[in-house]
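Coordinate analysis (summary)
Below are the chains, spelled out letter by letter.
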Amino acid sequence: MTTSTLTRVRRRGPRRRARAATALTPAAGLGLGVALIWFSILVMLPLSAVVLTTTEGGWTTFVETIQQPQTWAAIKLTVGEAVLVTVTNVVFGTLIAWVLVRDHFWGKGILEVVIDIPFALPTIVAGLVLLSLYGPGSPIGIDVANTRVAVFLALLFVTTPFVVRTVQPVLLELDPETEQAAASLGASRLTTFRKVLLPALTPAITAGAALSFARAISEYGSLVLLSGNLPMRTEVTSVRILTYIENGNMAAAASVASLLLLVALFAIIALDVIARRVARR
Amino acid sequence: MSIEIAGVGRRFGDFVALEDINLSVPAGQLTALLGPSGGGKSTLLRIIAGLENADSGTVTIEGNDATRLPARKRNVGFVFQHYAAFKHMTVARNVAFGLEIRKQPKDQVAERVREMLRLVHLEQFADRYPAQLSGGQRQRMALARALAIEPSVLLLDEPFGALDAKVRKELRDWLRRLHDEVHVTTVFVTHDQEEALEVADQIVVINQGRIEQIGTPDELYDQPASDFVLSFLGPVTTLDGRLVRPHDIEVAAGPVPDSVVGTITRWTRIGYEVRLEVTPTSGGDPVQVQLTRNDALQRGLAEGSTVWLREVAPVNGAHSPVPA
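Just so we're clear, the structure is a prediction, and the values are computed from it rather than from any experiment. Residue positions are counted from 1 within each chain, in the order its sequence is given. All chains are assigned letters beginning at A, and all ligands numbers beginning at 1, according to the order in which they are written. Thresholds applied to this predicted model are a pLDDT of at least 70 for local features of residues and 80 or more for the giving and counting of side-chain atom pairs; totals over whole chains, interfaces and linings are not thresholded and use all residues.

Section: the nonpolar core
By our criterion, buried Ala, Val, Leu, Ile, Met, Phe, Trp, Tyr and Cys residues that link up through C-beta atoms within 7 Å make up a nonpolar core. For every residue, the other C-beta atoms within 10 Å of its own C-beta are counted; 20 or more classify it as buried, 12 or fewer as exposed, and values in between as partly exposed. C-beta atoms are placed from the backbone. Val95, Ala144 and Leu155 of chain B are the most contacted members of the largest nonpolar core, which has 99 residues in total. Leu153, Val167, Leu260 and Ala267 of chain A belong to the second largest nonpolar core, which has 47 residues in total.

Rendered as structure tokens:
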């Protein structure tokens, strides 16, 4: 009898698990409900509002707004600089994370804290810091105010922590013995990096890159002071959107916003595809 | 001689991990580096593999001086205690890793991988990921990966240390059989004396950075060069001021010459075996004695009886009397 009870229990195991995959317990149902409502109010609703405002103006308003030379220049500048900054972050962020995890040096603790300063600093304060350092009357003799270099520097400043902070924990978790195993199997340092380390780090790197890109296309505070917001030259989309709103042209502002939304979505999908490719290699 | 180690020393700060190690590992044999944790045996293995550098001395592998060679050029297979699997690759890709680096043709690699997986009985797991395997299976995969490159020597660092007792026992038997099949010169590190005695052709006992003794399992067990080796390889007890094995003590119910007289103060039976604790009449520490249940019953022994103890098969080792 004991045996039959046992088999019955064992047989019920998988079936119960299968049911759990489709049906929810009351607690899990409540959790899912709260999560969905939260997500809808905070994310989906504002996003739909922007898209809705765009559609109110109609397709022609959208196209005309985007094609307006000053707006188009701002979009090209913003996306271009964001890509450049993200690529820079992927390389140097990974390098900084590597140094922080694998090397031991004096002042490492201080560096750990300093890395986060761009996170913690209010962006306008960051803008002020950059203006006093790289603006007119710079103490180090570098004046990049009102140039595209200023945009790049400001974006780089605020996005530096992203890749570092996403890669660091993953790197900490990596077992150094897998690298030694690769070496004993005949792999050079470069091959080990390419075939063993990079695939393991790629999800973290792309996550950091996505955050960094999203932050870069939306940045306002840190660059308005140093870049000078010169139309056709150093004006970014966030400034452009603000100008439209100040002029009462909500449909145009929403058009640019929607386009940014699309670009961000495209970037996230593209990064995800890259991550899968590299991880599979 | 397949591996020749001469005058190897290694320090970590003030800590002496290895001191003047000289060792010859015969080709085609299974050699165990046995000793307590922190004794330097893993460091020695890693020095042979090139994963660690020696401060002094030389390492020669198959007649070639390997002292300055980086790990990747030594053609050494290394198996880690915690598998060191490439988590993002399938089992087959893991095994193929070393071959792909050597740029071997695809079909040749595939053939070799199949052969290796057959050897370690993982053919049906070729497309799984390491996370989907049990510990024992992961370690067999690691072994296949190390053997795939046809290494001149195979090094295993506590290979079964992370596995539970039953799997460890199975893998131990299996490693012995595998070695009889493949015949690659193998060195493995262990702190488990039973594992070393059961699997190895030759055992090197290492303690506090020095080699205590080198020999076959029988030599080490029967003729230990020191009290350390004697006590590390099996149970010991003190009889008449000497270290002896509890099962090498003869128990007599009547007086015999050259014996110690005492009273049985504890009687523990474990299956076929009886463990006695005999307190000598002359005082001193109780003596632990092991005998079979039949022996104990035939002699009519019971708790409280007076017995005469003497060493039956005195070990001819040079071990000294225990200091008082």
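Still more ground to cover, so stick around.
Details of the environment of threonine 178 of chain A
Runs of E in the DSSP output that reach at least two residues are strands. Runs of H or I that reach at least four are helices, and both are numbered from the N terminus. By the secondary structure assignment, threonine 178 of chain A is in helix 8 (residues 176–184). Taking the C-beta count within 10 Å as the criterion, threonine 178 of chain A has 20 such neighbours and is therefore assigned buried. Along the sequence, threonine 178 of chain A and valine 196 of chain A sit 18 residues apart, while their C-alpha atoms lie 7.7 Å from each other. Here contacts are defined at the residue level, using C-beta atoms placed from the backbone and a cut-off of 7 Å between them. Setting aside residues up to four positions removed in sequence, threonine 178 of chain A forms contacts with Val196 of chain A together with Ala84 and Phe86 of chain B.

Section: the sheet that holds strand 16 (residues 287–292) of chain B
Residue and element names in this part refer to chain B. Two strands pair under a simple rule: DSSP has to find at least two bridges between them. Read from one edge to the other, the open sheet built from 5 strands follows the order 13-17-14-15-16, with strand pairing classed as antiparallel. This sheet does not close on itself; its edge strands, each paired only once, are strand 13 (249–252) and strand 16. Going from strand to strand, the sheet's axes swing by 45° on average, the running direction of each strand aside. Axis angles are defined between N-to-C directions and span 0 to 180 degrees, where every axis is a line fitted to C-alpha atoms and, for a helix, only to the segment in contact.

What about the interface of chain B and chain A?
Taken together, the contacts link 17 residues of chain B with 16 residues of chain A. Those elements giving two or more residues to the side of chain B that touches chain A turn out to be strand 6 (76–79) and helix 2 (91–101) of chain B. For the side of chain B that touches chain A, the element with the highest residue contribution is helix 2 of chain B, accounting for 3 residues. Residues that form the side of chain B that touches chain A fall into these classes: 11 nonpolar, 3 polar and 3 charged. Each residue is assigned to one of three groups, with Ala, Val, Leu, Ile, Met, Phe, Trp, Tyr, Cys and Pro labelled nonpolar, Asp, Glu, Lys and Arg labelled charged, and all others, Gly among them, labelled polar.

Quick look at the packing of helix 4 (residues 135–148) of chain B against helix 5 (residues 165–182) of chain B
Residue and element names in this part refer to chain B. Axis separation between helix 4 and helix 5 bottoms out at 11 Å; the angle between their running directions is 20°. Classified by the interaxial angle, the pair formed by helix 4 and helix 5 is roughly parallel. You can see that helix 4 and helix 5 cross each other, and the crossing is right-handed. Contacts between helix 4 and helix 5 involve Gly135, Gly136, Gln139 and Leu147 from the first element and Val167, Leu171 and Val182 from the second. The cut-offs work like this: below 35 degrees is roughly parallel, past 145 is roughly antiparallel, 65 to 115 is roughly perpendicular, and the gaps in between are oblique. The sense of a crossing depends on the near helix, which, turned anticlockwise from the far helix by less than a right angle, makes the crossing left-handed and, turned clockwise, makes it right-handed.

Focus on the sheet that holds strand 7 (residues 153–157) of chain B
Residue and element names in this part refer to chain B. Here 6 strands make up an open sheet; going across it, the order is 6-7-8-3-9-10 and the pairing mixed. The sheet terminates laterally at strand 6 and strand 10 (210–215), the two strands that pair on one side only. With direction set aside, neighbouring strand axes in the sheet form an average angle of 15°. Pairing of strand 3 (residues 30–34) with strand 8 (residues 185–190), which is carried by 5 bridges, proceeds in the parallel orientation. Bridge pairing in strand 8 links threonine 31 to valine 187. Along the sheet, helix 4 makes contact with strand 6 and strand 7, crossing strand 6 at roughly 170°.

Looking at the packing of helix 3 (residues 69–102) of chain A against helix 9 (residues 189–218) of chain A
All names here are of chain A. Across the interface, helix 3 lies against helix 9 with an axial gap of 9 Å and an inter-helix angle of 145°. Every pair of crossing elements has a handedness; the one defined by helix 3 and helix 9 is right-handed. When helix 3 is examined against helix 9, the residues Thr78, Val79, Glu81, Ala82, Val85, Thr86, Asn89, Val90, Gly93 and Thr94 are found in contact with a partner set consisting of Leu201, Ile205, Gly208, Ala209, Ser212, Phe213, Ala216 and Ile217. Considering only residue class, the contact of helix 3 with helix 9 consists of 10 nonpolar, 7 polar and 1 charged.

Description of helix 3 of chain A
An expected span of 1.5 Å times one less than the residue number is assigned to each helix. Compared with an ideal rise of 1.5 Å per residue, which puts 34 residues at 50 Å, helix 3 of chain A spans 49 Å between its outermost C-alpha atoms and is within 8% of the ideal. In the structure, helix 3 of chain A departs most strongly from a straight axis at asparagine 89 of chain A, where the bend amounts to approximately 25°. Bend is the name given here to the angle between axes fitted to two runs of seven residues, the run ending at a residue and the run starting at it.

Notes on the environment of aspartate 192 of chain B
All names here are of chain B. Here aspartate 192 is to be found in the loop between strand 8 and helix 6 (193–199). Accessibility expressed as a C-beta count within 10 Å gives 16 for aspartate 192, which makes it partly exposed. Along the backbone, aspartate 192 and glycine 161 are 31 residues apart, and their C-alpha atoms lie at a distance of 9.0 Å.

A short note on unusual backbone geometry
All names here are of chain B. Here the phi dihedral of asparagine 75 falls at roughly 55°; this positive angle occurs in a residue that is not glycine. You will see that histidine 183, though not glycine, has its phi angle at about 65°, which is positive. Residue placement: histidine 183 occurs in the loop between helix 5 and strand 8. In this structure histidine 183 comes out as exposed when scored by C-beta crowding, with 12 C-beta atoms within 10 Å.

Considerations on the pairing of strand 7 of chain B
Residues and elements named next belong to chain B. The buried count for strand 7 comes to 5 of 5 residues, which makes it a mostly enclosed element. Covered by surrounding structure in strand 7 are Val153, Leu155 and Asp157 together with Leu154 and Leu156, the residues of both alternating faces. Here strand 6 runs beside strand 7; their pairing, made up of 4 bridges, is parallel. What sits directly across from valine 76, in strand 7, is valine 153. Between the parallel pair strand 7 and strand 8, the chain is carried across by helix 5, and the sense of this crossover is right-handed. Viewed with both strands pointing away, a crossover whose connecting path from the first strand over the helix to the second turns clockwise is right-handed.

Structural notes on helix 2 (residues 26–67) of chain A
All names here are of chain A. In this model helix 2 runs just 52 Å from its N-terminal to its C-terminal C-alpha over 42 residues, more than 12% under the 62 Å that 1.5 Å per residue would give. By the largest-angle criterion, glycine 58 marks the main kink of helix 2, which is about 105°. Within helix 2, only 2 of the 42 residues are buried, leaving the element largely exposed.

Some points on the confidence of the model for chain A
Residue and element names in this part refer to chain A. Per-residue pLDDT for chain A averages 86, and the proportion of residues at 70 or more is 91%. Scored from 0 to 100, pLDDT reflects the predictor's confidence in each residue. When mean pLDDT is taken per element in chain A, helix 3 scores highest with 94 and helix 1 (residues 2–22) scores lowest with 44. The low-confidence segment residues 1–20, where pLDDT is below 50, has 0 contacts with residues more than four positions distant or belonging to other chains.

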